[in-house]
Amino acid sequence: MPASLAAHRPPLPVRLWHTLRRWLGGGAQPPYIEAMDAMDAGIVLYDAQDRLVLCNRNFRALYPGLTHMLVPGRTFEEMLREAASLGMIPEAQGDLEAFIAERVRQHRNPGIPLLRQMADGRWRRITEQRLPDGSLLAFSIDVSELVAKEKALDEARTQAQQAHERLEDAIEALSDGFVLYDADDRLVVCNQRYRETYQLSAPAIRPGTRFEDILRYGLARGQYPAAEGREMEWLEERLYRHRHADQPILQELPGNRWLRIEERITRLGGVAGVRVDVTELVHREQQLKQINARLAESRAQLHAVIGTAMSAIVTLDENGQVLSANPAATTIFGWPEDELVGQPLRTLVPADAGPDPLALLTARGPEARAGRAPPQDIRARHRDGRSVTVQLALSRLDTGGQARFVALFTDLSEREAYAQALRDANAQLAHLSETDALTGIANRRRFDRALHEEWQRCGRHGLPLALLLIDVDHFKRYNDSRGHPMGDECLRAIAQILRNCVHRAGDLVARYGGEEFALLLPHTGEAEAMAIALACIEAVEQAELPHPDSPLAPHVTLSIGVASAVHVGDTRAAALLDAADSAVYAAKRAGRRRAVMAE
Ligand SMILES: Nc1nc2c(ncn2[C@@H]2O[C@H](COP(=O)(O)OP(=O)(O)OP(=O)(O)O)[C@@H](O)[C@H]2O)c(=O)[nH]1
């Protein structure tokens, strides 16, 4: 029946009353009584004095031991008292009189229907209604199933509430942030940790708020550093990922804090999310990245150094087999790296070069403890079989695991060549610094040094040292008549002639100055020195170097001062020089073209 129609109908007891009135007014005929008995509800009618008028079978069945009382004329209270005394009313246990008083009061002033449990444990709803003529109609319906369902519902509700509380407790107990959004993306529940995580957004984190609105609130307050300057783009991306929640998100928070967000679509179409603080992990990763970058840089620098080093750098395993070699190893030993790798150290340092160099580092000795052997010069072997002089420095690498060694080979042959070249250059320089540029014989510096040294040396042996000072006669005229370049040529020729006049290893021919020469003759006495002087004069004259302007001869002539002395006591070399000088003047004074012995 439609609800609108039911609303206009009179209540059931009133309808029942009218029916009963019709029955009773016309004399209650058995068929109507039977009809009442057939009804599912217990029906009982009391008159205005609360005396039973009639009741149906269903009512009588409710009180099986009370049949003798259920006769017209019995009052409600009498029947109640009898039923209670017979234990038919469980509620009446305890204070019987109080129960009866309360029940009679309710009966006389019927209000809302009563729910009563019967002796058989079943539940009935008793509706009592005072009728217009003062009589009271009561009927009771078995509502056991309804009550059972309501109880079950209550229990289910309680369980649901408990489950909800347990869920809330569990969510709160999580060390990570948890949040649940419904299918409309409105916040359902979140824990305190979640609110603490998003401190700048916290005021917006309330049940019922949309996820997007929480994001916008946070965006406006700098909650998401990664969104700075591109807020709308960031928002779009974040919402997309939120709704497609398939992969974890790494999210930055202010203060270089980091979260890992795991979101899942729930069965009801909402989104459950967990926020894990991974700040430490990210910081460690950042540090690791920096360290790796620095490591890569150092490695690149190391490779550059090793690659360009002049020395061969060879790494070896614990058995002395080559692990790697730099380009210099190929230069020094002739082995390409790929052919050298895997070969024993003995390939480069053969047995005839000495004991195994690695033995020092593997045996128990001070070198092994220091992890380094002193550099040693050895004859290593080139790939083509020839030996190469190298300096080998061995050291052990501290790898923390298996032993590794580094052999540093420096090619000494090259260094030797450099050293020799340097020595040669120095010698040449020394030679040049003591050589006369014009004539190629010793210069004044060399002469001075030699005079001093020979003076000392001859003195030590008690031997005489002779000195010839030679002057070219009228050389100014030579220059003037033949020109300066010819003068130079003449001086060169004289130097060469004088050089040929001495034969002993210690004899020195030097250019003493301008057109003056000097001969230093160790172990030479006066007579011998004079003989050499005369030989020099003779040799120059025989060369017949033209000197057209000389008043002495048509060719170049010499004047020579000769001195010879033995270094005794504290006599000085200068004395020998002075003596020779005086002698040469004497020769000039005597007419030139001669040799004069010092006095
Ligand atoms: N061409 C040339 N002339 C030089 C060089 N050194 C010195 N002379 C010259 O040698 C001459 C020496 O002159 P003097 O000292 O007067 O001696 P002299 O002319 O030889 O006279 P006496 O020694 O007294 O015979 C000067 O004219 C110098 O210019 C040189 O390297 N080359």
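Owing to the predicted nature of the structure, the values given are computational and were not obtained by experimental measurement.

About the thresholds
- Each chain has its residues counted from 1, following the order in which its sequence is written.
- The predicted origin of the model limits local features to residues at a pLDDT of at least 70 and limits the giving and counting of side-chain atom pairs to 80 or more, whereas totals for whole chains, interfaces and linings rest on all residues.
- Each side-chain value is worked out from all heavy atoms of the structure, with water and hydrogens disregarded.
- A residue's pLDDT is simply how confident the predictor is in it, with values from 0 to 100.
- Counting from the N terminus, the helices are the DSSP runs of H or I reaching at least four residues and the strands are the DSSP runs of E reaching at least two.
- Summary of the distance rule: residues count as near a molecule or strand when at least one heavy atom falls within 4 Å of that molecule or strand.
- Whenever two N or O atoms come within 3.5 Å, that pair is a polar contact, provided that in protein one can donate a hydrogen and the other can accept it, and provided that, for residues adjacent in sequence, both atoms are side-chain atoms.
- Each accessible area is a Shrake-Rupley estimate made with a 1.4 Å probe; only the visible protein chains count as cover when residues are assessed.
- Each residue receives one of three labels: charged for Asp, Glu, Lys and Arg, nonpolar for Ala, Val, Leu, Ile, Met, Phe, Trp, Tyr, Cys and Pro, and polar for the others, Gly being one of them.
- A pair of strands is treated as paired once DSSP finds two or more bridges between them.
- Working convention: axes come from line fits to C-alpha atoms, limited for helices to the stretch in contact. Angles between N-to-C directions cover 0 to 180 degrees.
- Contact criterion: two residues are considered in contact whenever any of their non-hydrogen atoms come within 4.5 Å of each other.
- UniProt positions are given in the numbering used here, feature names are shortened, and annotations may be inferred rather than shown by experiment.
- A 1.4 Å probe that fits into a set of points on a 1 Å grid over the protein atoms alone but cannot get out defines a cavity; an open set with protein on both sides within 12 Å along at least five of seven lines defines a pocket, and lining residues are those with an atom within 4 Å of a point.
- Grid points are joined across faces, edges and corners, and a volume is the space filled by probe spheres set on the points.

Overview of the confidence of the model for the protein chain
Overall, the prediction assigns the protein chain a mean pLDDT of 90, with 94% of residues at 70 or greater. The lowest-confidence element of the protein chain is helix α1 (residues 3-8), averaging 39 in pLDDT; the highest-confidence one is strand β20 (residues 595-597), averaging 98. This complex was scored by the predictor with a pTM of 0.44 and an ipTM of 0.93.

So, the site of the ligand
As a structural note, the neighbourhood of the ligand is formed by 17 residues, with Phe475, Asn479, Asp488, Arg511 and Lys588 the closest of them. Between an oxygen atom of the ligand and a side-chain N or O atom of Asp471, the distance comes to 2.9 Å. Lys588 places a side-chain nitrogen or oxygen 2.3 Å from an oxygen atom of the ligand. In isolation the ligand exposes 650 Å². Once the protein is present, 69% of that is buried. Looking at the shell around the ligand, the elements with two or more residues in it are β16 (464-472), α18 (475-482) and α19 (484-501). Here the shell around the ligand is built from residues that sort into 4 nonpolar, 5 polar and 8 charged.

What about the sheet that holds strand β8 (residues 249-253)?
Here we have 5 strands laid out as an open sheet, ordered β7-β6-β10-β9-β8, and antiparallel in their pairing. This sheet does not close on itself; its edge strands, each paired only once, are β7 (187-190) and β8. If you compare each strand with its neighbour and ignore which way they point, the axes differ by 25° on average. Strand direction decides the pairing type here: β8 and strand β9 (residues 257-265), joined by 5 bridges, are antiparallel. Across the sheet, Leu250 pairs through a bridge with Arg260, a residue of β9. Packed on one face of the sheet, helix α11 (residues 279-308) meets β8, β9 and β10 (271-277) and runs near 120° to β9.

Here's the deal with the sheet that holds strand β14 (residues 387-397)
Reading across the sheet, the 5 strands line up as β12-β11-β15-β14-β13 and stay open at both edges, with antiparallel pairing between neighbours. For this open sheet the edge positions go to β12 (322-325) and β13 (372-381), each flanked by a neighbour on one side alone. Strand-to-strand twist across the sheet, computed as the mean angle between neighbouring axes with direction ignored, equals 25°.

Section: the UniProt feature "coiled-coil region" (unreviewed entry) in the protein chain
Using the residue numbers shown here, the UniProt feature "coiled-coil region" (unreviewed entry) corresponds to residues 146-177. Helix makes up 88% of residues 146-177 and strand 3%, with an end-to-end C-alpha separation of 44 Å.

Observations regarding empty space enclosed by the protein
Considering all chains together, one arrives at 3 cavities of 30 Å³ or more under this definition. If you go around the largest cavity, you meet 26 residues; those closest to its centre are Phe59, Tyr63, Phe76, Arg103 and Ile126. Among the elements of the structure, β1 (42-46), α4 (57-62), α5 (76-85), α6 (96-108), β3 (114-117), β4 (123-130) and β5 (136-142) are those that each provide at least two residues to the lining of the largest cavity. Looking at the second largest cavity, its volume works out to about 60 Å³. If you trace the second largest cavity, you find it lined by Tyr194, Tyr198, Ile205, Phe211, Ile214, Leu215, Tyr224, Arg238, Gln251 and Arg275. Here the lining of the second largest cavity takes 3 residues from helix α9 (residues 211-220), the largest share from any one element. Its residues placed into classes, the lining of the second largest cavity shows 7 nonpolar, 1 polar and 2 charged.

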